[in-house]
Structure formats: C-alpha cells, structure tokens
Amino acid sequence: MTPKLPKEFLAKLDAVTAKRPKTVIQQILKNGYVTTEELKNLGYEHAPRAARDVRELGIPLETFRVKDSNGRPIAAYRFGDPTKAEDRISKAAGRTVLTNALKKALVERYGSKCFIYLQPMEERLLQVDHRVPYEIGGEQDEKDIDCYMLLSPSANRAKSWTCEHCPNWNRKDVAFCVRCFWAHPEKYTHIAGQEQRQLVITFTGDEIEDYNRLIALVGAEKAEQVIKEMIGKYVK
C-alpha cells in the first residue's frame, strides 16, 4: 500500500479522468507502485508513455527497479513527494494536446518522415513530440515549430525510455537536452550524456536484398561491426 497521502493530493488524483493516467494512479494507490509488466498486462504496451501522462498532469512519479515474473529487472513507478505537485497540478490542464495544424506544418516543412530513423511513412502514423521533453523544457509555443519533431511510434517509445533513464531527467538542464541526439539528431554532441554518434541505416526496395545478404553472410550481431569496418576502410 502507498504511504498515507495528504487529502488535497488525493483529491487532485481523484480529479484525473483520462483513462491511461487514471489507470496508473489507481494501480499505485492499490499496490504502492505499478510495474511496466503490470501496465502491459493492462493493455498499455508503452509503459513510459503512461507514466509520462501522469507526470504531465503535474503529479510526481519516481522510477525505480524491481524484478518481473521471470526475475528480470524492469521499471516500476510510485508517487514522488506530494508537496512538489501543488503548483503544477493547480494548473489542471497539464500539457496541451498538440494540434493537427502543428503536425501538418511539420510535414510541409520536413516531409512525412521520422526525424530519428529518417524513414518515410504515412502522415497518420507519425507522432508529434517536443524536441526537449515537456518534463524538462515545459510547454512551447506551437508557432515555433522548430521546438517539435515528427517521430514514428517506435522512435517515440525509444526516446521516452532513453530520456527517462538519462541523468538529466532529474537535473532538468534544457541546454543539455538541446545538444542531445534525441532532440536534434541533425546536430548533436552526445546521446543521453554519452560521447557517442549514431547512424541510422534503413534498407528499402531493392536494398532489402543487400541487407538480407549481409545478415546471411555475417549474422545480425556482427552486421554493425562489419559496416563500421567498411566505412573505416572507405574514408582512409
């Protein structure tokens, strides 16, 4: 069970009506915390997104590690300090829903493709996200579309998970985020604080046969290393 919570905090929790964040809240109230495995069993494949919905309403959540039913470490969520929720929850709305007009403006400027994986895809499948997470940079004016990006569902899930496990999630340094791959893959200096560079290669059309031959020749686990070695020889 959860520790005894202030009446005002409980009232604010009770005021949440949206199904996904309310499910997270109810599970924490019932059991003291909720795991990613439990959320998946409840129909929420992307647990970090469900937890993020709660945080965006101004309700503090802490992420910690537990073991799943198979003994593997997974993430779990519990309430943070209720006193830190007062000012944010009083705003009631949390972050605003990003409009279709913003999405269309991004597609018109950049094309119907994922900013991270660079893969073209149907506009309806793309999701609009803040370049700098809302939890760190707050709300941005939709008129400044450079503050937003288009992501495929898988890229959005990967970004959410990485950002939640980044050391800056608690520091909340906006400048740090701006220099990150997950905010600006076109110009970045680090990936979630790591001195790394990432090249996303997507095989399409006739290239798929090249991909299949590569995997058949060296195996999926060694493919990345082989490509790095080939690039190393080419650029010398």
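Residues numbered from 1 in each chain as written. Predicted model: local features only at pLDDT ≥ 70, side-chain atom pairs only at ≥ 80, totals over all residues. Heavy atoms only, no water.

Participant: Whenever I open this one, the overall build of the protein chain confuses me. Can you help?
Facilitator: Secondary structure assignment for the protein chain yields twelve helices and five strands. Relative to its 236 residues, the protein chain shows a buried fraction of 41%. Of the contacts made within the protein chain by residues no fewer than 6 positions apart, 59% connect residues no fewer than 24 positions apart. For the protein chain, the computed accessible surface area is about 14400 Å², with 53% contributed by carbon and sulfur atoms. Counting 38 positive and 33 negative side-chain charges, the protein chain places the centres of these two groups 3 Å from one another. (Helix = DSSP H or I, 4+ residues; strand = E, 2+ residues; numbered from the N terminus. Buried < 20%, exposed > 50% of the residue type's maximum accessible area, 1.4 Å probe, protein only. Contact = heavy atoms within 4.5 Å. Areas by Shrake-Rupley, 256 points an atom, 1.4 Å probe, with all protein chains shown as cover. Lys, Arg positive; Asp, Glu negative; His and termini not counted. Charge placed at Lys NZ, Arg CZ, Asp CG, Glu CD.)

Participant: Would you mind going over the pairing of strand β5 (residues 148-151) with me for this structure?
Facilitator: Each regular strand shows side chains that alternate between the opposite faces of the sheet. Burial along β5 is two-sided: Y148 and L150 and M149 and L151, pointing in opposite directions, are all buried. In this sheet, β5 lies alongside strand β4 (residues 127-130) in antiparallel orientation, the contact comprising four bridges. In the sheet register, Q127 faces β5, and the bridge partner there is L151. (Pairing = 2+ DSSP bridges.)

Participant: Help me understand the environment of Y77, please; the structure alone is not making it clear to me.
Facilitator: Here Y77 lies in strand β3 (residues 73-79). Separated by 86 residues in sequence, Y77 and C163 place their C-alpha atoms 15 Å apart.

Participant: What's the story with the pairing of β3 in this structure? I'm lost.
Facilitator: Most of β3 sits out of view: five of its seven residues are buried. Here two bridges tie strand β1 (residues 34-35) to β3, and the two strands are oriented antiparallel to one another. Residue T35 lies in a different strand from β3, and its bridge partner there is A76. Connecting the antiparallel pair strand β2 (residues 61-67) and β3 is a turn made up of five residues, with G71 showing a positive phi of about 85 degrees.

Participant: Just to check I follow, could you spell out helix α4 (residues 47-56) for this structure?
Facilitator: Side chains three or four residues apart in an α-helix point the same way, a direct result of the helix having 3.6 residues per turn. Of all the ten residues making up α4, ten are buried; the element is thus mostly covered by neighbouring parts of the structure. Within α4, burial applies to A47, P48, R49, A50, A51, R52, D53, V54, R55 and E56. In the stretch just after α4, G58 is the one whose phi turns positive, near 90 degrees.

Participant: What should I look at first to understand empty space enclosed by the protein in this one?
Facilitator: The gaps of empty space that remain are located by a probe, the size of a water molecule, rolled over the atoms. Counted according to the given criterion, the structure contains two cavities of 30 Å³ or more. For the largest cavity, the lining is made up of 14 residues, of which P133, C163, C166, C177 and C180 are closest to its centre. Secondary structure elements with two or more residues in the lining of the largest cavity: α8 (153-164), α9 (168-171) and α10 (174-178). Across the lining of the largest cavity, the residue classes break down as eleven nonpolar, two polar and one charged. Volume-wise, the second largest cavity comes out at about 70 Å³. Forming the walls of the second largest cavity are P48, R52, D129, P133, E135, N156, K159, S160, C163, E164 and W169. If you list the elements that add at least two residues to the lining of the second largest cavity, you get α4 and α8. No other element matches α8, which puts five residues into the lining of the second largest cavity. Tallied by class, residues from the lining of the second largest cavity come to four nonpolar, two polar and five charged. (1 Å grid on protein atoms, 1.4 Å probe; cavity = no way out; pocket = protein on both sides within 12 Å on 5 of 7 lines; lining within 4 Å. Points joined across faces, edges and corners; volume = space filled by probe spheres on them. Nonpolar A, V, L, I, M, F, W, Y, C, P; charged D, E, K, R; others polar.)

Participant: I keep staring at the sheet that holds β2 and nothing clicks. Help me out?
Facilitator: Sheet strands pair via backbone hydrogen bonds, and the direction of the pair is either parallel or antiparallel. Pairing in this open sheet of three strands is antiparallel, and the strands run β1-β3-β2 from one edge to the other. The open sheet is flanked by β1 and β2, the only strands paired with a single partner. Summarising the sheet, β2 and β3 pair through seven bridges and their orientation is antiparallel. Looking at the pairing, V66 lines up with I74 of β3.

Participant: How should the packing of α4 against α8 be read in this particular structure?
Facilitator: The relative placement of two packed helices comes down to the angle between their axes together with the axis-to-axis distance. Orientation of α4 relative to α8, taken along the N-to-C sense of each, is 65 degrees, at an axis distance of 9 Å. Crossing hand, α4 versus α8: left-handed. Where α4 approaches α8, its residues P48, A51, R52 and R55 are matched on the opposing element by N156, S160, W161 and E164. Counted by class, the contact of α4 with α8 contains three nonpolar, two polar and three charged residues. (Axes fitted to C-alpha atoms, helices over the stretch in contact; angles between N-to-C directions. Left-handed = near helix turned anticlockwise from the far one by under 90°.)

Participant: Would you mind showing me how to read the side chain of T162 here?
Facilitator: Inspection of the secondary structure puts T162 in helix α8. Dropping the residues within four chain positions of it, T162 is found in contact with W182 and A192.

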